[in-house]
Amino acid sequence: MLRCRDITLLASDYLDGRLRWQKRLSLLVHLLMCPHCRRFVTQFKAVVRVIRGFEPPPTDSDTLNRFESAINKTIKHDSTK
Amino acid sequence: MVQTTTDEQGLIERLRQRDTEAYHAAVQRFSGSMLATARSMLDPATAEDVVQETWVTVVDAIDGFEGRSALKTWLCTITANRARNRLRRSKRETLTDFQAPLDPALESRFNEGGSWIQPTRPWGSESADDLLSNEALKACLEKHFEALPETQRAVLMMRDIQQMESDEVCRILGLSGSNLRVTLHRARQKLFTMIEGFRETGEC
């Protein structure tokens, strides 16, 4: 029988689909009976969605050009060896 | 196990021949992930330096690339190793901040029998869009994201934001599967308790 604390421990594995079926079933049964954990999991899920919605910082073209220049310099240097 | 696709194999061959067009394509395609990897451990300027160094290294190292992982994973692994070396040099925290699976802020809310003594209060709106439409909360979240321990930040960045595969992230950061899961869950719990606090007090 899972306790409420176990549900908070398993929340990520549950949301990421990483629980084996017996564990998943126990968790679902607990959620059916426990409004506190149901709320926790619903709100935790919203937080994970928020995190996934973050945009990685864009890469500006000047930076990429600098990388390319450094590569080209190395290629040229190697070819004159 | 060879994971490279034909398209990628073609690119790798051209990189080995020092084809500048191929490097142009590779820089455009992979620099974003490499920068994200480095930025999860270092400040933005140092992260760019590390990625530039990595690209320069790749010109010679690509000959030894055996294709046992995808090219992106290989590039991000080199980037992560170099970023970690920089961290060690600057004597900052290293990638060893593994902790108990439950955040202390949550742990204290259960009794000895593992039942809630202080359950989560309803937030009113639970959709991610609604949460993100609050600019003050978004700014607070970004601040807390930056303040996470390096491993937690790196794992969130790679798994949740960049949606990289678990295997890839483990290989890049040198973590076991279970360490990755614990670290990811700890990072999410931290941001959860932060949002919860913000919803209740309106303060970051």
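What comes next concerns the included structure. (Residues numbered from 1 in each chain as written. Chains lettered and ligands numbered in written order. Predicted model: local features only at pLDDT ≥ 70, side-chain atom pairs only at ≥ 80, totals over all residues. Heavy atoms only, no water.)

Here we take up the layout of surface pockets. Rolled over the atoms, a probe with the dimensions of a water molecule shows which regions are left empty. Taken as a whole, the largest pocket holds about 340 Å³ of empty space. Along the walls of the largest pocket sit 18 residues, with E55(A), P57(A), F145(B), E146(B) and M157(B) positioned nearest its centre. Mapped by element, the contributors of at least two residues to the lining of the largest pocket are α7 (135-147) and α8 (150-161) of chain B. No other element matches α7(B), which puts four residues into the lining of the largest pocket. Residue classes in the lining of the largest pocket are distributed as nine nonpolar, two polar and seven charged. Mapping the lining of the largest pocket onto the domain boundaries places at least three of its residues in each of domain 1 (6-89) and domain 2 (104-201) of chain B. (1 Å grid on protein atoms, 1.4 Å probe; cavity = no way out; pocket = protein on both sides within 12 Å on 5 of 7 lines; lining within 4 Å. Points joined across faces, edges and corners; volume = space filled by probe spheres on them. Helix = DSSP H or I, 4+ residues; strand = E, 2+ residues; numbered from the N terminus. Nonpolar A, V, L, I, M, F, W, Y, C, P; charged D, E, K, R; others polar. Domains from an automatic or database assignment.)

What follows covers helix α3 (residues 35-52) of chain A. Each turn of an α-helix holds 3.6 residues, which means side chains three or four residues apart point in the same direction. For α3(A), with 18 residues, the first-to-last C-alpha span of 26 Å sits near the 26 Å given by 1.5 Å per residue. For α3(A), the complete set of buried residues consists of C37(A), F40(A), V41(A), Q43(A), F44(A), A46(A), V47(A), V48(A), V50(A) and I51(A). (Expected span 1.5 Å × (residues − 1). Buried < 20%, exposed > 50% of the residue type's maximum accessible area, 1.4 Å probe, protein only.)

Attention now goes to the interface of chain A and chain B. Each partner contributes residues to the interface: chain A has 41 residues there, and chain B has 52 residues. Between chain A and chain B, a total of about 4,500 Å² is buried, with carbon and sulfur atoms accounting for 66% of that surface. Looking only at chain A, the three residues that lose the most surface to chain B are Q43(A), F54(A) and F67(A), adding up to 15% of its buried area. The tally of links from chain A across to chain B stands at five salt bridges. Notably, a salt bridge pairs R5(A) with E107(B), separated by 2.5 Å at the nearest N-O pair. Taken together, the links from chain A to chain B amount to 17 residue pairs in polar contact (both at pLDDT 80 or more). For the side of chain A that touches chain B, the secondary-structure elements that each account for two or more residues are α1 (4-15), α3 and α4 (61-79) of chain A. Among the elements that make up the side of chain A that touches chain B, the one with the highest residue count is α3(A) (14 residues). (Contact = heavy atoms within 4.5 Å. Buried area = accessible area lost by both parts, 1.4 Å probe. Salt bridge = Lys/Arg side-chain N within 4 Å of Asp/Glu carboxyl O. Polar contact = N/O pair within 3.5 Å; in protein donor to acceptor, adjacent residues only side chain to side chain.)

Geometry only, nothing functional implied.
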